[in-house]
Amino acid sequence: MSQYYTTTDHFVLVPALMLALFGCAVLLFEVLVFPHPRQRKWLLLFVLLGLAFAGAGVWRQQNFLASQGIEELTAFGGTLTVDGFAIFFNWIFLAASLIVTLISYRYLEVEGEHHGEYYGLILLANCGMFFLATGTDLITLFIGLELMALCFYILVGFLREDRRSNEAALKYLLLGAFSSGFLVYGFSVLYGLAGSTKLRAVADALASREPWDPVVFLALATTAVGLLFKISAVPFHMWAPDAYEGAPTTVTAYLSVGSKAASFALLLRVFLMPLGAAREVWEPLLAAVAVATMTVGNLAAVTQTNIKRLLAYSSISHAGYILLGLIAGNETGIKGVLVYILVYTFMNLGAFLVVVALRRKDLLGEDLDDLAGLVYKSPGYAILMLIFLLSLAGIPPTAGFIAKYYIFLALIETRHYVLAVIGTLYVAVAIYYYFRIVRSMFLAPLADTGPLTTSFGLRLALVVTGVLTLGIGIYPEPFLGFAQTSLAR
Amino acid sequence: MTLLNLCLALPVAGFLLILAIPKENHRAIRTAALAVSLLVFGLSLGLAVRFDTSLPAYQFVTNVPWIASPAIRYHVGIDGLSLWLVILSTLLTPVGVLVSWRYIDRRVKEFYALLILMESGLIGVFVALDLFLFYVFWEVSLIPMYFLIGVWGHERRIYAAVKFFLFTMAGSVLMLAAIIYLYTQAATFDYPAILSLVAEGRLRFSPLEETLLFLGFFLAFAIKVPLFPLHTWLPDAHVEAPTAGSVILASVMLKMGTYGLLRFSLPLFPSASREHAPWIAVLAIIGIIYGALVAMVQPNMKKLVAYSSVSHLGFVVLGIFSFTQLGLDGAVYQMLNHGISTGALFVLVGFLYERRHSLEIADYGGVATPAPNLAVVFMITTLASIGLPVLNNFVGEYLVLQGTAQVNFRWTVFAAIGIILSACYMLWLYQRAFFGAAPEPVRAHVHDLSPREWSAILPLVVLMVWMGTATQTFLPPIGAANARILEHTRQNVEFHVKQRPPGAASAEVARAR
Amino acid sequence: MLHPITTVHYLLLSAALLLVGTIGVLTRRNVVIILMSIELILNAVNINLIAFSRYFGDVTGQIFAIFVIAVAVAEAAVGLGILIALFRNKETVWADEIELLKW
């Protein structure tokens, strides 16, 4: 091995290599080895294998850090950094990819758009997410972001014959590319300030400047606009409901957790490390954004009748809550953010899984009324959905409550009382619209008697997400410990 | 495993047991629910037997870690205040099972599963000694009730269920904020620990802080009680709920609010409680009189009983905010009384509904002729409810009135008007429903009490007489617990009660300074 | 009299391009022109990067610029691909007529 590609570099890169390799292999194999539609299950096996290999890579990194007792492992001259933070997020991404892969097979058959590229794109998007969590260099982060985003543009528009899907993809692409432009403009200014693209060098350069320096502010503002677009914070949220509604539901699920978690990983890296010096500038700005995000997300969700759109607005409001943890900014707050993202991944995925099960050849299954009386037809699904919704609303003893609790605790510890009260009040609003779904499922008479679209993968994914959502709520200790060890630095 | 943990865990086990029974087998489900609830009741009686009034501390305590950081513990225990409320919950659950025997004929399995699960949440609220744990139980008990109302209720059930849920949630999220704030100041969620910090003056709040914290808790409790003008969810919830739901809601759930006031608001925020006592007492009195007046004009039996609850709970709040030993004792006694007698009224109204399928008073008349036993039991319950001596409510109301008289005699006068009004609406109801000419449907459908119905109502009737005569069975633990609460409200009262109620120069208040 | 062209001039040019690009995205309704406006923004970034690279005498900025160019190409390719898919289903390139989903 040369000095340009050491064993450490390789060790750090393995998960991404596996994801990229298997992603490309899936693309090739669909054409060359398994051209027949009936052979697609072999492709699925390949995807699972790729995720398993990537998981093994992450696991070995985690063990290595633990056994050596070191905090972080840098590679490629500081371009990539594996630390607890990166490993935490990589597990979340892999779990999300795995669950989405499990549920997609049957769903794509129903949609009549079952192609191998889908799985390749999921693996490549996951590869991009890896770089977002692991990268500590502006170029790496930008490339990771774009790799993920490009995959998502295509995935959102995956239903080629469906105009809603086309439109959603186009809107997502236009706004996404626009926001990436702003983000990378901010990155270029940061580079200009530091003379280096390494996050640590940028942090040092900013620390030696006044927080209110206009050039710093320009970098901060453009970067923030780009990042806030990605996490769909108000006022940059307009793309989210459209993209969520138009995309295939499995992709919506992936978009709402994978893309959001990865964007938050990026946001945390950028705001805590290089921009940490300018905290006094961005804290009030982010506070205003967070309040606006919770307000718009929660109030707009109240009137929605399309479940995917409702969940889209709810996920906007969740972004607001996560931002609150960053605003608090103490150890509890960052831990709260990590716990929230972990919990959000499972509960939100779970809710979308139920929506996926509703889709049939003859039924879109996206309207609130399509859920009516679900408990009479499939009580198991209704009860699991109830657990997910309770968790999303933040009612004990579910995981969502623990997550919200940490955010509020951090806010009160850091004397952000007004934000804490606003946050708690919006919980009450959120309960109203989540319980519209509950009401429809449990209290309305059965409307549609057709069977749900289920598969082994879907049931497995539902059980896993359900058990985690309830389990983290009842006995959160191991997961809190995991988040604690993953605190950046 | 203490007895108390068994009482908490058994309903959960029963819940799982019921889930395991095939859903067509209604008989087995009902029997299992009854057996589990009776078993829990039996165990809870063991609590009363082994409860030692002379001990000042909490008993049957379990205190184990649950979440490490921040330290949240599974800390439960009971004192004289929670003891009877736990037993009230365990008593009313089998009653709820029995009254639903015929009444619930669809989705039987889910109904009983939820009913039994809710018991655990209710007990948990009364025994939790960790604020975080308390909040968790507080919320957990809500969800089953939402479904009981929403699924098995009458026509406007969904509206009522949502209204019930939103009202209670809106209050409790602010309580959560207050609890977390308390944690950041005290560095613990442990209630006895916080209490001793407050008592020893090591944890001090500025007047503004204490007022806001007090209001955070108070709003959650006041909605639950419900205190006028936050009561509007109650009549809707009661009217739409199935009988068992109404019984549990009125008898146990409303007590969560008054229990919270006594357990948390008064000892933790003594200065703020005293400062705000006057207007709260006024609201309570408005509730007493308003509830009674509105009850009088109700054409619907359940709504009448629901408004009478608003009136009765006004007495409890008034007693609590009199800050006298008698007032507090009366308030707790009245909490139990209301649980028994209003629970019994809802049971009886449920019996009538099962026969005649109507809740309108106008649809009844002359019921005493075809169903004399029912009429007698209803009469006893009515008399208990209006506070006739020898029956239970008299004791509670008397104590409350005497306690208030020590503080402000005008309050006593207005509250007493409420008692007179209660006699009017209850006796008038009785006269319209049970006397006079019996219309054809009443004669055809209304039959007398069956053995199952007897078994549901008889324990309550016995308790009415018992609690009305042998008060010493119940009062000593209550008195001891209340004395400790009052003791806490006298310590470290840092800012003075600015607006003393006119004529409040009683010995009790003076001693508090 | 000739003024020397300094880094600041490049930065001003870049800022101007960013502004033009932003206005283009926000006001133009033809999807192809919106895509072109996004290219303008990315070109503003490139000018920034090259100017800084020259200023520091550091090659990283130029590498970054090459990556940005590659990404811009990929974005345009995917964007036009999606636009063609949409065009097959509904013959329009005007953003106003893409109204199936509420904006």
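Residues numbered from 1 in each chain as written. Chains lettered and ligands numbered in written order. Predicted model: local features only at pLDDT ≥ 70, side-chain atom pairs only at ≥ 80, totals over all residues.

Enquirer: Lay out the overall build of chain C with the relevant residues and their values.
Expert: Scanning chain C from N- to C-terminus turns up three helices and zero strands. What you see in chain C, going N to C, is helices and strands ordered as α-α-α. Counting every position in chain C, which comprises 103 residues, the buried fraction comes to 36%. Sequence separation of 24 or more characterises 47% of the internal contacts of chain C that already satisfy a separation of 6 or more. (Helix = DSSP H or I, 4+ residues; strand = E, 2+ residues; numbered from the N terminus. Buried ≥ 20, exposed ≤ 12 C-beta atoms within 10 Å, placed from the backbone. Contact = placed C-beta atoms within 7 Å.)

Enquirer: For the overall build of chain B, give the residues involved together with the corresponding values.
Expert: Each helix and strand counted, chain B has 21 helices and two strands in total. Relative to the 2.2 N^0.38 estimate, which gives 24 Å for 513 residues, the radius of gyration of chain B is 22 Å and therefore close to what a compact globule would have. On the principal axes, the C-alpha backbone points of chain B span a range of 70 × 55 × 40 Å. For chain B, the share of sequence-separated contacts (at least 6 apart) that also reach a separation of at least 24 residues comes to 81%. (Rg over C-alpha atoms; globule rule 2.2 N^0.38 Å.)

Enquirer: I'd like a rundown of the nonpolar core, residues and numbers included.
Expert: For soluble globular proteins, nonpolar side chains are generally found buried alongside one another. Residues and elements named next belong to chain A. In terms of nonpolar packing, the biggest core is built from 440 residues, with Val156, Val343 and Leu389 touching the most fellow members. In terms of residue count, helix H13 (residues 331-358) provides more of this core than any other element does, 20 residues in total. Not counting chain neighbours up to four residues away, the residues in contact with Val343 comprise Ala399, Gly400, Ile402, Ala403 and Ile472. (Core = buried A, V, L, I, M, F, W, Y, C linked by C-beta atoms within 7 Å.)

Enquirer: How would you sum up the interface of chain A and chain C? Please name residues and give values.
Expert: Of the residues lining the interface, 34 residues belong to chain A; the matching set on chain C comes to 36 residues. When residues of the side of chain A that touches chain C are traced back to their parent elements, those giving at least two are helix H5 (138-156), helix H6 (163-194) and helix H9 (239-246) of chain A. Among the elements that make up the side of chain A that touches chain C, the one with the highest residue count is H6 of chain A (18 residues). A per-class count over the side of chain A that touches chain C returns 18 nonpolar, nine polar and seven charged. (Nonpolar A, V, L, I, M, F, W, Y, C, P; charged D, E, K, R; others polar.)

Enquirer: Any chance you could break down the interface of chain A and chain B for me, citing the residues and the numbers?
Expert: Listed as interface residues are 22 residues of chain A and, on the opposing side, 24 residues of chain B. Among the secondary structure elements, those contributing two or more residues to the side of chain A that touches chain B are helix H16 (399-413), helix H17 (417-443) and helix H19 (477-485) of chain A. At 12 residues, the largest contribution of residues to the side of chain A that touches chain B is made by H17 of chain A. When its residues are assigned to classes, the side of chain A that touches chain B shows 18 nonpolar, one polar and three charged.

Enquirer: Which residues make up the packing of helix H13 (residues 301-320) of chain B against helix H17 (residues 409-434) of chain B, and what are the values?
Expert: When two helices pack together, their arrangement is given by the angle between the helix axes and by the axis-to-axis distance. Residues and elements named next belong to chain B. Two elements in contact, H13 and H17, have axes separated by 11 Å at closest approach and are oriented at 160 degrees. With respect to H17, the element H13 is oriented roughly antiparallel. Note on packing geometry: the crossing formed by H13 with H17 is left-handed. Judged by residue contacts, Met301, Leu304, Ser308, Ser311, Gly314, Phe315 and Leu318 of H13 engage Trp411, Ala415, Gly418, Ser422, Tyr425 and Leu429 from H17. Here the contact of H13 with H17 is composed, by residue class, of eight nonpolar, five polar and no charged. (Axes fitted to C-alpha atoms, helices over the stretch in contact; angles between N-to-C directions. Parallel < 35°, antiparallel > 145°, perpendicular 65-115°, else oblique. Left-handed = near helix turned anticlockwise from the far one by under 90°.)

Enquirer: A description of the pairing of strand S1 (residues 72-75) of chain A should follow, citing residues and the corresponding values.
Expert: All names here are of chain A. Strand direction decides the pairing type here: S1 and strand S2 (residues 80-83), joined by four bridges, are antiparallel. Within the sheet, the bridge partner assigned to Glu72 lies in S2 and is Asp83. As consecutive antiparallel partners, S1 and S2 are separated by four residues, and within that stretch Phe76 has a phi angle of approximately 55 degrees, a positive value. (Pairing = 2+ DSSP bridges.)

Enquirer: Describe the environment of Pro476 of chain B, with residues and values.
Expert: For Pro476 of chain B, the position within the fold is in helix H20 (residues 475-490). Between the C-alpha atoms of Pro476 of chain B and Ser54 of chain B, which are 422 residues apart in sequence, the distance is 9.3 Å.

Enquirer: Give me the packing of H13 of chain A against helix H15 (residues 379-393) of chain A: which residues, what numbers.
Expert: Residue and element names in this part refer to chain A. For the pair H13 and H15, interaxial distance at closest approach is 9 Å and the crossing angle is 145 degrees. The way H13 lies across H15 gives a crossing that is left-handed. Between H13, through Met347, Asn348, Gly350, Ala351, Val354 and Ala357, and H15, the contact on the second element is made entirely by Tyr381, Leu384, Met385, Phe388, Leu389, Ser391 and Leu392. In the contact of H13 with H15, the residues fall into 10 nonpolar, three polar and no charged.

Enquirer: Describe the environment of Leu88 of chain B, with residues and values.
Expert: Residue and element names in this part refer to chain B. By the secondary structure assignment, Leu88 is in helix H3 (residues 80-103). It is 16 Å that separates the C-alpha atoms of Leu88 and Leu3, two residues lying 85 residues apart in sequence. Excluding residues within four positions of it along the chain, Leu88 makes contact with Ser251, Val252, Leu336 and Gly339.

Enquirer: How would you sum up the confidence of the model for chain B? Please name residues and give values.
Expert: With 95% of its residues at a pLDDT of at least 70, chain B reaches an overall mean of 84. A low-confidence stretch, residues 495-513 of chain B (pLDDT under 50), is modelled with 24 contacts involving residues beyond four sequence positions or located in other chains. (pLDDT = per-residue confidence, 0-100.)

Enquirer: Kindly report on helix H7 (residues 199-207) of chain A, identifying the contributing residues and their values.
Expert: Residues and elements named next belong to chain A. The set of residues buried in H7 consists of Leu199, Val202 and Leu206. Angular distribution of buried residues about the axis of H7 spans 60 degrees; they occupy a single face of the element. In this structure, the buried residues of H7 make contact with H6, helix H8 (214-230) and helix H10 (249-272). (Arc of directions from axis to C-beta.)

Enquirer: Describe the arrangement of the chains, naming the residues involved and giving the relevant values.
Expert: Contact analysis covers two pairs of chains in contact, and the most contacts occur between chains A and C. Taking C-alpha atoms as the reference, chain B and chain C come no closer than 29 Å and do not contact one another.

Enquirer: Talk me through the confidence of the model for chain C; I want residue IDs and the actual numbers.
Expert: Across chain C, pLDDT averages 85, with 85% of residues at or above 70. Per the prediction output, this complex has pTM 0.83; the corresponding ipTM is 0.92.

Enquirer: So, unusual backbone geometry: which residues are in play, and what are the values?
Expert: Here Val225 of chain B and Pro226 of chain B are connected by a cis peptide whose omega angle stands at -10 degrees. When you line up the elements, Pro226 of chain B lands in the loop between helix H9 (207-224) and helix H10 (233-240). The omega torsion of the bond from Phe228 of chain B to Pro229 of chain B falls at 0 degrees, within 30 degrees of zero and hence cis. Secondary-structure assignment places Pro229 of chain B in the loop between H9 and H10. The residue Arg415 of chain A is not glycine, and still its phi comes out positive at about 65 degrees. Turning to its location among the elements, Arg415 of chain A is positioned in the loop between H16 and H17. Within the chain, Val390 of chain B stands out as a residue other than glycine whose phi angle is a positive 80 degrees. Inspection of the secondary structure assignment puts Val390 of chain B in the loop between helix H15 (372-385) and helix H16 (392-407).

Enquirer: Lay out H8 of chain A with the relevant residues and their values.
Expert: Residue and element names in this part refer to chain A. With 17 residues, H8 extends 24 Å from end C-alpha to end C-alpha; this agrees with the ideal 24 Å at 1.5 Å per step. Looking only at H8, the buried set comprises Val216, Ala219, Leu220, Thr222, Thr223, Ala224, Gly226, Leu227, Leu228, Phe229 and Lys230. In the core, the buried residues of H8 are packed alongside H6, H7, H10 and helix H11 (279-302). Ser232 lies just past H8 and shows a positive phi near 55 degrees. (Expected span 1.5 Å × (residues − 1).)

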